[in-house]
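Here's the letter readout for the chains.
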2 protein chains.
Amino acid sequence: MAVGLTPAAGLLPVKGIRLASTSAGIYAREREDLALIEFAPNATVSAVFTRNDFCAAPVMIARRHLKRRRGHRFCLINAGNANAGTGSRGVEAALATCRELASLAGCETESILPFSTGVIGQDLPVTRITSALPGLLDRLAENNWTQCAGAIITTDTVTKGISKQVRLGGKKATITGIAKGSGMIRPDMATMLAFIGTDAAVDKKLLDRILDHAVASSFNRICVDGDMSTNDACVLMATGKAGNKIISDRQDENSRVLQDAVNEVCAYLATAIVRDGEGATKFITIQVEQGKTRRECLAVAYAVATSPLVKTALFASDPNWGRVLAAVGRAGLAGLDVNGVYIYINDCRIVAGGCRDPGYTEDAGRRVMKGADLLLRIMLARGKHRETVWTCDLSHEYVRINAEYRS
Amino acid sequence: MAVGLTPAAGLLPVKGIRLASTSAGIYAREREDLALIEFAPNATVSAVFTRNDFCAAPVMIARRHLKRRRGHRFCLINAGNANAGTGSRGVEAALATCRELASLAGCETESILPFSTGVIGQDLPVTRITSALPGLLDRLAENNWTQCAGAIITTDTVTKGISKQVRLGGKKATITGIAKGSGMIRPDMATMLAFIGTDAAVDKKLLDRILDHAVASSFNRICVDGDMSTNDACVLMATGKAGNKIISDRQDENSRVLQDAVNEVCAYLATAIVRDGEGATKFITIQVEQGKTRRECLAVAYAVATSPLVKTALFASDPNWGRVLAAVGRAGLAGLDVNGVYIYINDCRIVAGGCRDPGYTEDAGRRVMKGADLLLRIMLARGKHRETVWTCDLSHEYVRINAEYRS
């Protein structure tokens, strides 16, 4: 029941990137649960990971392997098992899959970046994964993005992917990204993975920067830093096969074009995760305006976005604006003049000067809240800064999914 | 469906405090929704309030009236309407009820402390309240604590109250407290009110201190500072009618005895609120041990206590300890060695050295989680500090209650 989201389809191949996926039997039921992404020998890879102290074994290994700046060849991704909370046994298991793949593919173990998502605390079924590797290597093909989008999901109800094309110095470049994630309210399960490939030629340092910027305005606007899961990762691979002159200067017009395209891909994937939030029936854009700083805009946006009371009211299409006010009031803004606060849902003004707008009616509120796609605007009358955070409502279905997750 | 909680009964009268309650028609349905507490002319009153910037009109008025240190005579409490988010109109409404009561009782307006709880953002029905005041004044009696406990509740399923008796310098002193609150996970609705009376004779400054201490280890261990609702208040009244010599020195043995008793009353009422948490089917004591500081113990405890994923797993009696680990990992402890973390549910060790205890079985985990009263112990292996926080699970019923709250 994702909100206004259609499954990934028609994803464009990216020169220099081949993919394959299969059912390795990590899930008890029949479904694809293992994916392999191969990139050309000189590809550049950037990645950002969860900041959770309990990061999963594959996150530790991938981080370690990325200390080497070049020579990465594969992302190996499994669903159904997070390989988190598994201690040194988990690290050994992740390494074992890397070693086997390296041996089969004729590359170094450090060339492999492992990723896992699923239940925390169960041993990774190493043999099932390694047994499936020869078949995956045989079937690598550029046109498998859409299929792989289906192999990496867990509680997602819809596969998530998008492609964009831009011109870089006269050459056509493609950016294709896939993602998984649905363990929202705040992603605090082994939740979010995103893999974005481009054939653009980009310097490693600039690629890092492009990914950081894109994540800051997308994946980091659906999950507060501290709330990332044990496994969250976002990878950007650039193969350099588009034929453009390598981009290394961020003042370069081509850098801006690529940044914009990667931003768009990340924003699409991040909002897709929220739209497919567990049990979500509504998608809410929370826009906080007129803040003194961006930080305080974010504090307000997250206080509202994470309030179970606001989220259940949204589920009920109940314009219970008092709960929004209460959330704004506890965001910890020094010296907030509550009499300056205005709140809109779409074009309906519900709060003016810190209390109910005199022209507001419950009927008007209910009417505007019937929609599945809502814009909640909060004006603070303190400054010029603005921030946007995306969230979804809290429904019966959320509780059912998370209570029964392992049954 | 409160967890292990029986309704308030047999509450002991407190010399110098009289109470009355009635149905003033603030709720559409027939139920008591207005209470009056009168205390003797020379009583001493301390109170702590929400720190929410959007505090309700009655909170503003009560704070203002408490600036005067003496001469308070009444708490006037209504359920069904929070008088929050109502702007200057709401302040005028709260004042109007105080003025009318002062006029009827022959005291000053500043002698009245108003309290409201219920839906945010609707105008307070002033006339209904003032019309009920003469009847309330007529029926004031020392023995009405239990009845009043029923008049101040909102979504509570069980009334909450407790009495204790202690000896202070050879004199018997009584402490009786009542509370309301059920809008939990984190109380971020117009949620919690508590009124505690004692006939002990206590100096105002010491009474403030006793209340602060008691609240710190009780009501502030179920709600993080920043998450208090617009209306939260806890009031401690001391009438001095017990006949003890006035206590003013905190080194005094009698001060310690009274502090302990008030602590016990507050702890009982605070945990009663959690046991009656909306939709709660389990009551969980989260005890974080071996922290470097109390602050970091609290950070971990609240990260766990507020995680929707942990709470839904608790609801499902699912020992999904990975979710607990993930919550510990995002609590922001600098330099946490995850390999030192141990976690127990009751006497069952589920995590040892940062991953699943080798001797742990899912069966053992499920067995221990079947209980309605759970102790979740988290050991950090970093120091000697310890903190306790109380919470409840997140159930279908929570969503139903909060989605339908105003229907």
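Being a predicted model, the structure only gives us computed values, none of them experimental.

Chemist: So what exactly am I meant to see when it comes to the overall build of chain A here?
Modeler: A count of helical and extended segments in chain A gives 11 helices and 15 strands. What you see for chain A is a C-alpha radius of gyration of 22 Å, in line with the 22 Å of a compact globule of 407 residues. The buried share of chain A, taken over its 407 residues, is 65%. In chain A, the proportion of contacts linking residues at least 24 apart, taken out of those at least 6 apart, comes to 82%. Here chain A contributes 50 positively and 41 negatively charged side chains, and the mean placements of these two sets differ by 3 Å.

Chemist: What am I meant to see in the environment of B:Gln165 here?
Modeler: Residue and element names in this part refer to chain B. Residue placement: Gln-165 occurs in strand 6 (residues 160-168). Separated by 93 residues in the primary sequence, Gln-165 and Leu-258 place their C-alpha atoms 9.5 Å from one another. With near-sequence residues (within four places) excluded, Gln-165 lies in contact with Leu-12, Lys-172, Ala-173 and Thr-174. Among the polar contacts listed, one links the side chain of Gln-165 to the side chain of Thr-174, at a separation of 2.8 Å.

Chemist: Whenever I open this one, the sheet that holds strand 10 (residues 283-291) of chain A confuses me. Can you help?
Modeler: Hydrogen bonding along the main chain pairs the strands of a sheet, whether they run parallel or antiparallel. Residues and elements named next belong to chain A. In spatial order, the strands read 13-12-11-14-10-15; together these six strands make up an open sheet with mixed pairing. In this open sheet, the two edge strands, each paired with only one partner strand, are strand 13 (355-356) and strand 15 (385-392). In the sheet, strand 11 (residues 342-345) pairs with strand 12 (residues 348-352) via three bridges, with the strands oriented antiparallel. Bridge pairing in strand 12 links Ile-343 to Val-351. Across the face of the sheet, helix 9 (residues 321-329) comes into contact with strand 11, strand 12, strand 13 and strand 14 (373-379) while running at roughly 55° to strand 12.

Chemist: Quick question: what am I supposed to make of the interface of chain B and chain A here?
Modeler: Where the parts come together, the accessible area they lose is often given as the size of the interface. Counting from both sides, the interface comprises 56 residues of chain B and, opposite them, 55 residues of chain A. Where chain B meets chain A, there are zero salt bridges. Among the elements of the structure, helix 2 (87-105), helix 8 (308-315), helix 9 (321-329), strand 13 (355-356) and helix 11 (396-403) of chain B are those that each provide at least two residues to the side of chain B that touches chain A. Ranked by the residues each element gives to the side of chain B that touches chain A, the list is headed by helix 9 of chain B, at seven residues. Residues belonging to the side of chain B that touches chain A are distributed by class as follows: 25 nonpolar, 17 polar and 14 charged.

Chemist: Is there a simple way to explain helix 2 of chain B in this structure?
Modeler: Residue and element names in this part refer to chain B. Given a rise of 1.5 Å per residue, 19 residues ought to cover 27 Å, and the 28 Å separating the end C-alpha atoms of helix 2 matches this to within 8%. Three or more residues of helix 2 are buried, namely Gly-90, Val-91, Ala-93, Ala-94, Leu-95, Thr-97, Cys-98, Leu-101 and Ala-102. Where the residues of helix 2 are buried, they touch strand 2 (34-39), helix 1 (57-66), strand 4 (74-81), strand 5 (112-119) and helix 3 (126-138). Once helix 2 finishes, Gly-106 follows within two positions and takes phi at roughly 70°, a positive value.

Chemist: Which parts of the structure should I look at to understand the nonpolar core?
Modeler: The nonpolar side chains of a soluble globular protein tend to be buried with one another. Of all hydrophobic cores here, the largest spans 40 residues; its most connected members are B:Leu168, B:Ile196, B:Val202, B:Phe219, B:Cys234 and B:Leu258. Of all the secondary-structure elements, those providing two or more residues to this core are strand 6, strand 7 (171-180), strand 8 (193-198), helix 5 (204-216), strand 9 (233-238), helix 6 (253-275) and strand 15 (385-392) of chain B. Among the elements that line this core, the one with the most residues is helix 6 of chain B, at 10 residues. Residues A:Phe219, A:Ile247, A:Val257 and A:Leu258 belong to the second largest nonpolar core, which totals 39 residues.

Chemist: Any chance you could explain the confidence of the model for chain A here in plain terms?
Modeler: Detailed conclusions should not be drawn from predicted coordinates in areas where pLDDT is low. Residues and elements named next belong to chain A. Mean pLDDT over chain A stands at 90; residues scoring 70 or higher make up 95%. Across residues 184-190, confidence stays below pLDDT 50; counting only partners more than four residues off in sequence or on other chains, it has 42 contacts. In the predicted complex, the global pTM is 0.82; the interface-specific ipTM is 0.73.

Chemist: Sorry, what's going on with the sheet that holds strand 3 (residues 44-49) of chain A here?
Modeler: All names here are of chain A. Strand order in this open sheet of five strands is 3-9-8-7-6, and the pairing throughout is mixed. A single partner strand is all that each edge strand has here, and the edge strands are strand 3 and strand 6 (160-168). Between one strand and the next, the sheet's axes are offset by a mean angle of 10°, whatever the strand orientation. Of the pairings in the sheet, the one linking strand 8 (residues 193-198) to strand 9 (residues 233-238) comprises six bridges and is parallel in character. Bridging across to strand 9, Phe-195 finds its partner in Val-235. Lying over the sheet, helix 5 (residues 204-216) contacts strand 3 and strand 9, oriented at roughly 35° with respect to strand 3.

Chemist: Help me understand a positive patch on the surface in this model?
Modeler: All names here are of chain A. A surface patch of like charges, here positive, comprises Lys-15, Arg-167, Lys-171 and Lys-172. When you line up the elements, Lys-172 lands in strand 7 (residues 171-180). Given the relative accessible area of 48%, Lys-172 is considered partly exposed.

Chemist: Which parts of the structure should I look at to understand the pattern of salt bridges?
Modeler: Pairing between side chains of opposite charge can happen when their charged atoms approach one another. All names here are of chain B. Going through the model one piece at a time under the given rule, you end up with 37 salt bridges over all chains. The residue Glu-108 makes a salt bridge to Arg-68 at a minimum N-O spacing of 3.2 Å. Of this pair, Glu-108 sits in the loop between helix 2 and strand 5 while Arg-68 sits in the loop between helix 1 and strand 4, placing them 40 residues apart in sequence. For Glu-108, a relative accessible area of 46% corresponds to the partly exposed category. In this structure Arg-68 comes out as partly exposed when scored by relative accessible area, which is 30%. We note a salt bridge from Lys-204 to Asp-208, for which the minimum N-O separation is 3.1 Å.

Chemist: Looking at this structure, I do not really get the relation of the copies chain B and chain A. What am I missing?
Modeler: Put simply, the two copies of the chain differ by a rotation about an axis and a shift along that axis. By a simple turn and slide, chain B fits onto chain A: the slide is 0.0 Å along the axis, the RMSD is 0.1 Å, and the turn is 180°. Such a turn and shift between the copies fits a two-fold axis. Considering only C-alpha atoms, the residue of chain B closest to the rotation axis is B:His396, which sits at 2.8 Å. Here 96% of the contact residues of chain B are again contact residues in chain A; the copies associate through an equivalent surface.

Chemist: What is the right way to look at the packing of aromatic side chains in this model?
Modeler: For any pair of aromatic rings, the description rests on two quantities: the centre-to-centre distance and the angle between the ring planes. All names here are of chain A. Here the structure, examined in full by the defined rule, presents four aromatic pairs over all chains. Centroid distance Phe-49 to Phe-115: 6.4 Å. Interplanar angle 10°. Geometry classified as stacked. One end of the pair, Phe-49, is in strand 3; the other, Phe-115, is in strand 5 (residues 112-119), and 66 residues separate them in sequence. No difference in accessibility class separates Phe-49 from Phe-115, as the two residues are buried. A centroid spacing of 5.0 Å and a plane angle of 85° characterise the contact between Phe-115 and Phe-195, whose relative ring orientation is edge-to-face.

Chemist: I'm lost on the packing of helix 5 of chain A against helix 6 (residues 253-275) of chain A in this one. Help?
Modeler: The geometry of a pair of packed helices is captured by two quantities: the angle between their axes and the separation between those axes. Residue and element names in this part refer to chain A. In the contact formed by helix 5 and helix 6, the axes pass within 9 Å of each other and the chain directions differ by 40°. For the element pair helix 5 / helix 6, the angle class is oblique. Where helix 5 crosses over helix 6, the two elements pack in a sense that is right-handed. Here helix 5 contributes Leu-206, Arg-209, Ile-210, His-213 and Ala-214 to the contact with helix 6, which in turn contributes Ser-255, Leu-258, Gln-259, Val-262, Asn-263 and Cys-266. Along the lines of polarity and charge, the residues of the contact of helix 5 with helix 6 split into six nonpolar, four polar and one charged.

Chemist: Got a minute to help me understand the state of the cysteines in this structure?
Modeler: Linking two cysteines covalently through their sulfur atoms gives a disulfide. The final tally for this structure, using the stated rule, is zero disulfides over all chains. Unpaired in this structure, A:Cys75 has its nearest cysteine sulfur neighbour in A:Cys98, at a distance of 10 Å. On the basis of relative accessibility, which here comes to 0%, the residue A:Cys75 falls in the buried class. Sulfur of B:Cys148: no disulfide; nearest cysteine sulfur belongs to B:Cys75 and is 11 Å away.

Reading the values: rules and limits
Residues numbered from 1 in each chain as written. Chains lettered and ligands numbered in written order. Predicted model: local features only at pLDDT ≥ 70, side-chain atom pairs only at ≥ 80, totals over all residues. Heavy atoms only, no water. Helix = DSSP H or I, 4+ residues; strand = E, 2+ residues; numbered from the N terminus. Rg over C-alpha atoms; globule rule 2.2 N^0.38 Å. Buried < 20%, exposed > 50% of the residue type's maximum accessible area, 1.4 Å probe, protein only. Contact = heavy atoms within 4.5 Å. Lys, Arg positive; Asp, Glu negative; His and termini not counted. Charge placed at Lys NZ, Arg CZ, Asp CG, Glu CD. Polar contact = N/O pair within 3.5 Å; in protein donor to acceptor, adjacent residues only side chain to side chain. Pairing = 2+ DSSP bridges. Axes fitted to C-alpha atoms, helices over the stretch in contact; angles between N-to-C directions. Salt bridge = Lys/Arg side-chain N within 4 Å of Asp/Glu carboxyl O. Nonpolar A, V, L, I, M, F, W, Y, C, P; charged D, E, K, R; others polar. Expected span 1.5 Å × (residues − 1). Core = buried A, V, L, I, M, F, W, Y, C linked by side-chain atoms within 4.5 Å. pLDDT = per-residue confidence, 0-100. Patch = residues over 30% accessible without salt bridge, like charges linked within 9 Å, V, L, I, M, F, W, Y side chains within 5 Å. Areas by Shrake-Rupley, 256 points an atom, 1.4 Å probe, with all protein chains shown as cover. Least-squares fit on C-alpha atoms with pLDDT ≥ 70 in both. Phe/Tyr/Trp six-rings, centres within 6.5 Å; stacked < 30°, edge-to-face > 60°. Parallel < 35°, antiparallel > 145°, perpendicular 65-115°, else oblique. Left-handed = near helix turned anticlockwise from the far one by under 90°. Disulfide = S-S within 2.5 Å.

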